[in-house]
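# Architecture and fold: a report
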Amino acid sequence: MKPRQIAGYLFASPWVITFLIFWLFPLLFSFYLGFTDYRLLKPTYSWVGLDNFAALLSDQAFLQSLKNTFVFVIGTIPLTTMISLILALLIDKNFPGRTIFRSGYFMPSITSMVVIALIFTNLYSRDGYIYLLAKMVGLSPPENGFLLSNKTALLSVMAMDVWMSVGYYMLLFLAGLKSIPGELYETADVAGAGPIRKFVSITLPLLKPVALFIIVINTIKSFQVFVEVLVMTRGNYDTSTAVYFIYESGLSRFEFGYASAAAYILFLIIAIFSLAQFGLLRQRVTP
Amino acid sequence: MKYNRIFAVLLIAAVAAIISCSGKTKQVAVTLDWWQFWTDPAIGPTIQKMVNDYETANPNVKINLTDLTWSDGHEKIVVAFSSGTAPDIVELGSDWVAEFSSANQLADITGDVISDTAGFLGWSPGIYDNKIYAFPWILGTRVLFINRELVRKAGLSENFVPINWAQLRELCFKIDSIGGDVHGFGSNAAEKHRLYKKFLPFFWAANGRIISRDGKLAVFASDKAYRALKMYKALNDSCSLIDTQSRLEDAFLAGKIGVIISGDWLLKRIRNEKIPIDFVTTLIPGPNFPGKSFAGGEFLAISAGSKNKEEALKFIKYITDKNNQLLFCKTNYSANPSNREAASDPFFTDDINLETFVKQMNMSEMVPAIPQWVYVEDIIESTLEEVLFNDAPIAESLYKGNKKITKILFDK
């Protein structure tokens, strides 16, 4: 091996070693654990084959948490994507105070999720501003606050998540808008195209790669929703999600085998969704 | 002559050095690791003082104190036990002892503490499989807190305290009828690890049981459980403010709730924050006369792998003795020492509210010491959620809950 190659390996080794120890090994080991009845505090454990997976598929709590996760994903992604695109289009215009708006929308993305979740927990409570506002405009919010009702708790967490995420995705869309050559719009102007025609025929097709990226990363992130649930509801009122279920099984009950199996089921679901999204959107993105 | 003097001085110095060295080797240093949860600045220095006093009285012992927090302390203890790095002495919540003793992680101290059992309260959570694994330290129960100003406004005598369910219902309904933002009763929302603690006093007062006396059957669904849940639901549905425990306490202190069930931490808060509220504490009512309450507490256990079990036990007995428990309770305004002698001190008997807690402790139950408690707790809370917040039929929900408990405990 040449000294140059050795130097390269040496430079890469800190990351490679960290990856092997803290990522790859836990990943493979947890896959193995999914087929065992391993529990902390239990001196021995044994191979149980697919028992954990079979048990999970008939575990009402797990199935409910999966259902809640799907509701969360399906409910938040289209809304987040649309709102962030609209905001990006608005911010892209030249108007006084544009920077303030841009920073303002982005601010939640760089604020701690725990802080935001705590603030929203108060806003959603019976004497919180959102609750009082809902009452003021004639809505009839649940008697004990938005987070203490099966009907509104998950929706409230979803609404907060949309509010928190749009700023980040708005910036990505904004970057996409900036990369569209101005000549295309000038040509369209010459051809007499109106704003809607320009948006449908130029902006939207050229934003598709960015939209694909946003939808895929938002899907992965939404399937892993956890901190919001932990801080705001602790899984009560029909808000338990797949990752929260894994946390409860693994770190509250220490059933590492069961929790690992649940984690791999979630992994499989995310992988299928991501591949499907790539497949569907890539066809339309590729010219 | 001169050389003789020098020789004598050197000889004395050598002898002195040998004596001092041998003295040091005689003092075999024992280091005890102690993990505990009392991190509040109000009590932390007192714990440290107890440790310092012990070290002064026992120069051969050093105590390594490690603070844990309730948010992740349980995880840390589990990881420490499973990796063989558990401390000599560990503070455990009452419902954790069975989990660790059933996994053979705690030392059996039966023989060493059997003579102490009469002098202390609250042994049951520390016993697993007829052996004692943990020593009760500071206990805690819940009592009824009543806002006397709201009692007056409701048209009742300000000295009125309910002694049975009918009177409790009447009191809560009358306070609730004051209207505005005033509610009769503070009922817990579906809050994990809290909701069941508010229902179990009603359940136990109606003579309900979770497991049969011989430990062979789940008997959670019964006519007693039905009666208790019906009573609790009546309060919950018709005159309650439903919220999390901390927000219920805020509302009680703000004069918006007439009656809540709470622990000695609320007394401490009222005293420390000098909250101007006219309140009284009383025993939780039962169907016909004062009933039972939920109790828990802090237990001290010795790790099975500890090499200093004898010293650890000596230290546990020191920390839980009358004087140290009194010092602890006076500093922290805690109401329920496990030491019976300490509990009869004028500090408790002269304070009307602390006395209520002491009396209630004698009429309290703790959850059964079973390793699967965490699952059973979950099932009880789901059953309560179904009935209280989804209006599921009581009998059917109790039956379903019982079936799940049977499966968890007896795999049937």
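Residues numbered from 1 in each chain as written. Chains lettered and ligands numbered in written order. Predicted model: local features only at pLDDT ≥ 70, side-chain atom pairs only at ≥ 80, totals over all residues.

A separate point is the interface of chain A and chain B. Listed per partner, the contact involves 12 residues of chain A and 16 residues of chain B. Of the residues that constitute the side of chain A that touches chain B, the class distribution is 6 nonpolar, 3 polar and 3 charged. (Contact = placed C-beta atoms within 7 Å. Nonpolar A, V, L, I, M, F, W, Y, C, P; charged D, E, K, R; others polar.)

This paragraph deals with the sheet that holds strand 11 (residues 279–282) of chain B. All names here are of chain B. Taking strand neighbours across the sheet as the criterion, the 5 strands line up as 9-8-10-7-11 in an open arrangement whose pairing is mixed. Among the strands making up the open sheet, the edge pair consists of strand 9 (240–243) and strand 11. Each strand axis lies, on average, 25° off the axis of its neighbour in the sheet, ignoring direction. Sheet analysis places strand 7 (residues 143–147) next to strand 10 (residues 257–262), joined by 4 bridges and oriented antiparallel. Bridge pairing links V143 to S262 in strand 10. Where helix 7 (residues 165–176) meets the sheet, its contacts fall on strand 8 (183–188) and strand 10, and the angle it forms with strand 8 comes to roughly 115°. (Pairing = 2+ DSSP bridges. Helix = DSSP H or I, 4+ residues; strand = E, 2+ residues; numbered from the N terminus. Axes fitted to C-alpha atoms, helices over the stretch in contact; angles between N-to-C directions.)

All names here are of chain B. Interhelical geometry of helix 17 (residues 373–389) versus helix 18 (residues 394–410) gives an angle of 165° and a closest axis separation of 9 Å. Compared by their axis directions, helix 17 and helix 18 come out roughly antiparallel. Between helix 17 and helix 18 lies a crossing of right-handed hand. Side by side, helix 17 and helix 18 meet where Y375, V376, I379, I380, T383, E386 and V387 of the first sit next to I394, S397, L398, G401, K404, I405 and I408 of the second. Of the residues belonging to the contact of helix 17 with helix 18, the class tally is 9 nonpolar, 3 polar and 2 charged. (Parallel < 35°, antiparallel > 145°, perpendicular 65-115°, else oblique. Left-handed = near helix turned anticlockwise from the far one by under 90°.)

Moving on to the confidence of the model for chain B. Residue and element names in this part refer to chain B. Per-residue confidence for chain B averages 91 on the pLDDT scale, and 93% of its residues sit at or above 70. Confidence drops under a pLDDT of 50 for residues 21–26, and excluding neighbours within four residues, the segment shows 0 contacts in the predicted structure. Both scores are given for the predicted complex: the pTM is 0.84, the ipTM 0.78. (pLDDT = per-residue confidence, 0-100.)

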